[in-house]
Amino acid sequence: MLEFSERIRRIPVYPAAGGYATDGLALLASNEAPFGPLPAVREAIDAAIGALNRYPDPSNSRLRERLSERYEVPAARIAIGNGSCDILLAAGEALLEPGAELVYAWPSFSVYPHLAAASGARAVTVPLDENECHDLPAMLREITVATRLVLVCNPNNPTSTAVPISAIAEFLAEVPPHTCVIVDEAYCEFNTLDDADTSLDLLAQHPNLILLRTFSKVYGLCGLRVGFALCGSEELPRALDQVRQPFFCNALAQAAAVEALAHQDAVEERVIRTVTERISVDERLRALGLQPAESQANFCWFHLGERDEQQVMAGLRERGVLVRGGSALGSATPALRVTYGLPEENARFLDALEQVL
Ligand SMILES: Cc1ncc(COP(=O)(O)O)c(C=O)c1O
C-alpha cells in the first residue's frame with residue numbers, strides 16, 4: 001500500500017461535474033459560456049499553433065500589457081494563471097501555513113476549502129446571510145492577528161448573489177494591512193448592481209487587495225485555462241509566481257486571451273444576452289413556485305423544499321439536461337445551481353423541470 005502525505009488525507013476531492021463525455025446534453029452544470037470563441041480569437045489561436053515548438057512566454061508579457069491598458073493597473077501588479085483557480089491555489093500556498101487562518105463565506109466556491117487543507121491553516125467559515133449573500137460584518141469579526149487571507153466571492157458561487165462594491169469598500173477599510181483580501185470576481189461582468197470596473201478604484205487604496213478575474217466565463221475560454229489577478233501591490237504577483245512552475249499559462253491561452261480582450265463589444269453583447277435569459281428563466285422558475293436567489297451571475301440558484309435533490313437531477317438528466325446539485329456545493333438543504341445557456345437549452349431545462357416537479 002502506498003503511503004500518501006498528511007495533506008492528501010486533508011485535501012477534499014473537488015466535486016467535478018459529470019456528463020462531459022456524453023453528447024447532446026444541455027451542459028448547464030459548470031457556469032460556462034454557451035457561446036463559442038469569437039472568429040478573431042480562433043484566428044489568433046491558429047496563428048499561435050505554428051510556434052508550439054517553443055515554450056510559452058514565461059512572463060506572459062503581452063497579455064499583462066494588454067490587461068494593464070484595459071484596466072489601468074501597472075503590468076507589474078498583474079498576475080496570470082492557468083485559470084483563476086491556479087491563482088487561488090498559489091495564493092493559499094504563498095500566504096498560508098499551520099497556525100495561520102483563512103476566512104471565507106459558506107456556501108461559496110468549492111475550491112476554497114482546498115486552500116486551508118493544503119496548507120494546514122485553519123479555515124474559518126462564515127454563514128451567508130438570510131438572502132444567501134456574504135455577511136461582511138460577520139466576516140470582519142472573524143479576522144484576527146492570525147488571518148492571512150480572506151476570500152470574498154462576488155457574485156457568489158453557488159448562490160449567484162452579489163454585495164455592492166460600496167459594502168466591499170467599507171469592509172476593506174476595516175481589514176488590517178497584514179491580511180490579504182481576494183475578491184473573486186469570476187462573474188463580475190454579469191453583475192448589474194455595479195459596473196465591472198467599479199472595484200478597480202479600490203486597488204489604489206489597498207496594497208493587500210487582489211481582484212481575481214478570468215477568461216473562463218464571459219470570454220468563453222475555459223477550455224484553454226487562463227485567469228488573472230489585478231493586485232494592489234507588486235509583492236503579491238511576485239509571491240504568486242514564486243510558488244508555481246514556470247510556463248503555467250500555455251501559448252494558445254495567452255494568444256487567445258490577448259485577442260479576446262480587444263473585443264469588449266462582444267463582452268457587452270454576451271452580457272446582454274445572458275441577462276436577458278436570466279430575467280426570463282427566473283420568471284419561469286417563479287411561475288413554477290420556486291424562489292431563485294437574486295442572481296447577478298450567469299447561473300441561478302434555488303432551493304427544492306422537501307423534494308429529493310438527487311431525484312430531480314436524475315429526472316433532468318433523463319431529459320437531457322445536466323445541472324449541479326446544491327448539496328455537493330455546500331447547501332444544507334436540497335437546491336440546484338443551473339447555468340443560463342442558450343434560449344433553446346433554457347427552454348429544455350424549464351420544460352424538463354416542470355415535468356419532473
Ligand atoms: C467563483 C469562481 N472563482 C473562480 C473560478 C475558476 O475559474 P477558472 O479557473 O476557470 O478561471 C470559478 C469557476 O467556476 C468560480 O466559480
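Keep in mind it's a predicted model, so treat the numbers as computed, not measured.

A.B. asks: So what's going on with unusual backbone geometry? Which residues, and what values?
C.D. replies: Trans peptide bonds make up the majority, and among non-glycine residues the majority have a negative phi. In the segment running from tryptophan 106 into proline 107, the intervening peptide bond is cis, with an omega of 0°. Residue position: proline 107 is located in the loop between β3 (101–106) and α5 (112–119). Geometrically, the link from asparagine 154 to proline 155 is a cis peptide bond, its omega value of -5° lying close to zero. Secondary-structure assignment places proline 155 in the loop between β5 (147–153) and α7 (165–174). A positive phi angle, near 55°, is found at glutamate 72, a position not held by glycine. Note that glutamate 72 resides in the loop between α3 (61–71) and β2 (78–81). Despite not being glycine, glutamate 132 has its phi angle at roughly 60°, a positive value. You can see glutamate 132 is positioned in the loop between β4 (122–127) and α6 (136–141).

A.B. asks: Tell me what's going on with the sheet that holds strand β12 (residues 335–339), and back it up with residues and numbers.
C.D. replies: Overall, antiparallel pairing links the three strands, which are arranged β9-β12-β11 in an open sheet. Because the sheet does not close on itself, it has two edges, and the strands there are β9 (299–303) and β11 (324–325). For β9 and β12, the ladder comprises five bridges, and the chain directions are antiparallel. Its bridge partner being in β12, phenylalanine 302 is matched across the sheet by leucine 336. The sheet strands contacting helix α12 (residues 309–318) are β11 and β12, and the helix crosses β12 at an angle near 30°.

A.B. asks: Describe the sheet that holds β2, naming the residues involved and giving the relevant values.
C.D. replies: Spatially, β2-β8-β7-β6-β5-β3-β4 is the arrangement adopted by the seven strands of the open sheet, whose pairing is mixed. Of all strands in the sheet, those with a lone pairing partner are β2 and β4, marking the two edges. Each strand axis lies, on average, 20° off the axis of its neighbour in the sheet, ignoring direction. Pairing between β2 and strand β8 (residues 227–231): four bridges, direction antiparallel. Counted as the bridge partner of isoleucine 78 is leucine 230 from β8.

A.B. asks: Residues and numbers for the packing of α3 against helix α10 (residues 251–261), please.
C.D. replies: Two numbers describe how α3 lies on α10: the axes approach to 9 Å, and their chain directions differ by 20°. If you check the angle between α3 and α10, you find them roughly parallel. Considering how the two elements wind past one another, α3 and α10 form a crossing that is left-handed. Contacts from Arg62, Leu63, Arg66, Leu67 and Arg70 in α3 reach Ala257, Val258 and Leu261 in α10.

A.B. asks: Outline the environment of alanine 256, supporting the account with residue identities and numerical values.
C.D. replies: Within the fold, alanine 256 resides in helix α10. For alanine 256, a relative accessible area of 0% gives the class buried. Along the chain, alanine 256 and isoleucine 45 lie 211 residues apart, while their C-alpha atoms are 5.7 Å from each other. Look past the residues within four positions of alanine 256 in its chain and what remains in contact with it is Val41, Ile45, Leu221 and Leu224.

A.B. asks: Kindly report on empty space enclosed by the protein, identifying the contributing residues and their values.
C.D. replies: Applying the stated rule across the entire model yields three cavities of 30 Å³ or more. The calculated volume of the largest cavity comes to roughly 70 Å³. Considering the residues around the largest cavity, the lining is formed by Pro37, Leu38, Val41, Val218, Tyr219, Leu221, Ala260, His263, Ala266, Val267 and Arg270. Broken down by class, the residue content of the lining of the largest cavity amounts to nine nonpolar, one polar and one charged. For the second largest cavity, the calculated volume is near 50 Å³. The residue inventory of the lining of the second largest cavity, partitioned by class, reads four nonpolar, three polar and three charged.

A.B. asks: Give me the packing of aromatic side chains: which residues, what numbers.
C.D. replies: If you walk through the whole model with that rule in mind, you get eight aromatic pairs. Between tyrosine 71 and phenylalanine 228, the ring centres sit 5.6 Å apart and the planes meet at 35°, which makes this aromatic pair tilted. Separated by 157 residues along the polypeptide, tyrosine 71 in helix α3 and phenylalanine 228 in strand β8 bring together distant segments of the chain. Considered together, tyrosine 71 and phenylalanine 228 belong to a single accessibility category, that of buried residues.

A.B. asks: Tell me what's going on with the site of the ligand, and back it up with residues and numbers.
C.D. replies: In the vicinity of the ligand lie 13 residues, with Ser84, Asp184, Tyr187, Thr214 and Ser216 positioned nearest. One of the side-chain nitrogen or oxygen atoms of asparagine 157 is found 2.7 Å away from an oxygen atom of the ligand. Between the ligand and arginine 225 there is a distance of 2.7 Å, counted from an oxygen atom to a side-chain nitrogen or oxygen. In the complex, 93% of the free accessible area of the ligand, which totals 400 Å², lies under the protein chains.

Parameters at a glance
- Residues numbered from 1 in each chain as written.
- Predicted model: local features only at pLDDT ≥ 70, side-chain atom pairs only at ≥ 80, totals over all residues.
- Heavy atoms only, no water.
- Helix = DSSP H or I, 4+ residues; strand = E, 2+ residues; numbered from the N terminus.
- Pairing = 2+ DSSP bridges.
- Contact = heavy atoms within 4.5 Å.
- Axes fitted to C-alpha atoms, helices over the stretch in contact; angles between N-to-C directions.
- Parallel < 35°, antiparallel > 145°, perpendicular 65-115°, else oblique.
- Left-handed = near helix turned anticlockwise from the far one by under 90°.
- Buried < 20%, exposed > 50% of the residue type's maximum accessible area, 1.4 Å probe, protein only.
- 1 Å grid on protein atoms, 1.4 Å probe; cavity = no way out; pocket = protein on both sides within 12 Å on 5 of 7 lines; lining within 4 Å.
- Points joined across faces, edges and corners; volume = space filled by probe spheres on them.
- Nonpolar A, V, L, I, M, F, W, Y, C, P; charged D, E, K, R; others polar.
- Phe/Tyr/Trp six-rings, centres within 6.5 Å; stacked < 30°, edge-to-face > 60°.
- Near = heavy atom within 4 Å.
- Polar contact = N/O pair within 3.5 Å; in protein donor to acceptor, adjacent residues only side chain to side chain.
- Areas by Shrake-Rupley, 256 points an atom, 1.4 Å probe, with all protein chains shown as cover.

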